[in-house]
Amino acid sequence: MRFRHPDGSVVHLSYCTNVHPAETLDGVRAQLRDHCEPVRRRLGRDRLGIGLWLARDAARALTNDPAELRALRAELDPRGLEVVTLNGFPYEGFGADEVKYRVYRPDWTEPDRLAHTTDLARLLAALLPDDVTEGTISTLPLAWRTPYATDPGAPRTARTALTTLAQRLDALAALTGKSIRVGLEPEPGCTVETTADAIAPLTDVGHERIGICVDTCHLATSFEDPGTALDALTAAGIPVVKSQLSAALHAEHPHLPEVRTALAAFAEPRFLHQTRTRTAAGLRGTDDLDEAIAGGALPDSTPWRAHFHVPLHAPPAPPLTSTLPVLRTALTRLVGGAVPLTRHLEVETYTWQALPAELRPRTRTQLADGIAAELTLARDLLVDLGLKELP
């Protein structure tokens, strides 16, 4: 979906396909047919943006066979789909029964992460619509904090890898005329947990094609104020490459037994749900929601937020809610000003099948309806900010 910003530029809205697990190229094609095109039809649009997630095996198949890449590109237009952004955070196994800490490997100290991201950049340059010259990729925020913190050489290794990536992106732009930018996506528990944490490493890299991806669920989970965060990035000259529109789980009164019971329904075995609370002494947190619920790990006199991407249009029932207000505030700052801070927006609710059983979609039709409802909400927010939806 495309929108005209009041400044005349085009802002793209897509949804991320990591909600549909697929490790192979055949699986990606099935996503286009079984999920993405039906979502577009529900929206009544001729064109829908999708943020592709290409797992390692799918990316390698496309990289190794130009004919396969051409075939995938040729399949997008007839289905009314377009790709301007990729989710390069998960490497493989994102559809596994247990993902947890695996999603952070390989990290930016490992050669496979640079190689994979380079492949994604080349693939995206080929998949971009003919009238689009800029693509974006989100990637993990350097590493999960633990191994990185114990390796004194890790910061230099990661910086070297990102600098090499920037040089490759420059070369790709010179060769293809397509500018691909990559954004570190701050996430609780990682080396770069907050937008503030991103400023120093990105300043060290110092390249316009390497910036930040602002995920509004992660932003909210870490209790960051959107205005303060975005102002600091602007002041530091750090580009907001893209933003993922998502909402976290919020518990206003975690000391109440009924709140603990409600939270327990969201503690599931597949993904990490880092949980945070803000105290007078600073931010406190656990790596997963069940650790917080068990008691003692977190103070419960202040609100809790958990890294659980809840559907934008359907916040959980009381006594819980979502951080949709943080998304609204962030979006206003991102695209509601005289000039947009980013032109790529991506709805990223990948946890539909991790929701409590009574909230999960039971059919493809129900999932498509939910994704379309999320995109409709995002579209309405953009229109309210003065953007005009394009055909």
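Below is a summary of the structure that appears in this document. What you are looking at is a predicted structure, and each value in this text was computed from that prediction instead of being measured.

Calculation notes
- Residues numbered from 1 in each chain as written.
- Predicted model: local features only at pLDDT ≥ 70, side-chain atom pairs only at ≥ 80, totals over all residues.
- Heavy atoms only, no water.
- Buried < 20%, exposed > 50% of the residue type's maximum accessible area, 1.4 Å probe, protein only.
- Helix = DSSP H or I, 4+ residues; strand = E, 2+ residues; numbered from the N terminus.
- Arc of directions from axis to C-beta.
- Contact = heavy atoms within 4.5 Å.
- Axes fitted to C-alpha atoms, helices over the stretch in contact; angles between N-to-C directions.
- Parallel < 35°, antiparallel > 145°, perpendicular 65-115°, else oblique.
- Left-handed = near helix turned anticlockwise from the far one by under 90°.
- Nonpolar A, V, L, I, M, F, W, Y, C, P; charged D, E, K, R; others polar.
- Pairing = 2+ DSSP bridges.
- Phe/Tyr/Trp six-rings, centres within 6.5 Å; stacked < 30°, edge-to-face > 60°.
- Polar contact = N/O pair within 3.5 Å; in protein donor to acceptor, adjacent residues only side chain to side chain.

**Quick word on helix H10 (residues 257–264)**
Inference 1: Among all positions in H10, only Val 259, Arg 260, Ala 262 and Leu 263 are buried. For H10, the arc enclosing every buried residue in end-on projection is 160 degrees, short of the 170-degree limit, so these residues lie on one face. In H10, the exposed residues that point more than 90 degrees away from the buried face are Pro 257 and Thr 261.
Inference 2: Each element contacted by the buried residues of H10 is listed here: strand E9 (247–251), helix H11 (289–293), strand E12 (304–310) and strand E13 (320–322).

**Side note on the packing of helix H4 (residues 111–127) against helix H6 (residues 154–176)**
Inference 1: Between H4 and H6, the shortest axis-to-axis distance is 10 Å and the interhelical angle comes to 20 degrees. Taken together, H4 and H6 sit at an angle that is classed as roughly parallel. The crossing of H4 and H6 is right-handed. Every residue of H6 that contacts H4 at Leu 114, Thr 117, Thr 118, Ala 121, Arg 122 and Ala 125 is listed here: Ala 161, Thr 164, Leu 165, Arg 168, Leu 169, Leu 172 and Thr 176.
Inference 2: Class assignment for the residues of the contact of H4 with H6 results in seven nonpolar, four polar and two charged.

**Topic: the sheet that holds E12**
Inference 1: Spatially, five strands are ordered E11-E10-E12-E9-E13 in an open sheet, and the strand pairing comes out antiparallel. Taken across any chain shown, the strands that pair with only one partner, and hence form the sheet edges, are strand E11 (282–286) and E13. Across the sheet, the mean angle separating the axes of adjacent strands is 30 degrees when strand polarity is ignored.
Inference 2: In terms of strand pairing, strand E10 (residues 275–279) meets E11 through five bridges, oriented antiparallel. Of the residues in E11, the one forming a bridge with Arg 278 is Leu 283.

**Here we look at the packing of aromatic side chains**
Aromatic rings considered in pairs are described by the distance between their centres and by the relative angle of their planes.
Inference 1: Enumeration over the complete set of coordinates arrives at eight aromatic pairs.
Inference 2: Ring centres of Tyr 101 and Trp 144 lie 5.2 Å apart, and the angle between their planes is 80 degrees; this geometry places the pair in the edge-to-face category. Here Tyr 101, found in the loop between strand E4 (81–87) and H4, pairs with Trp 144, found in the loop between strand E5 (134–139) and helix H5 (145–149); they are 43 residues apart in sequence, far enough to count as distant.
Inference 3: Ring geometry for Phe 271 against Tyr 350: centres 5.0 Å apart, planes inclined by 75 degrees, an arrangement best described as edge-to-face. Linking Phe 271 in the loop between H10 and E10 with Tyr 350 in the loop between strand E14 (344–347) and helix H13 (364–384), this pair joins segments that are 79 residues apart in sequence. Tyr 350 matches Phe 271 in its accessibility class, with the two residues each being buried.

**As for the side chain of Thr 118**
Inference 1: Mapped onto the elements, Thr 118 comes out in helix H4.
Inference 2: Given a relative accessible area of 5%, Thr 118 falls into the buried group.
Inference 3: Of the polar contacts made by the side chain of Thr 118, one reaches the backbone oxygen of Leu 114; its length is 2.8 Å.
Inference 4: Once you skip the residues sitting within four places of it in the chain, Thr 118 turns out to touch Leu 165 and Arg 168.

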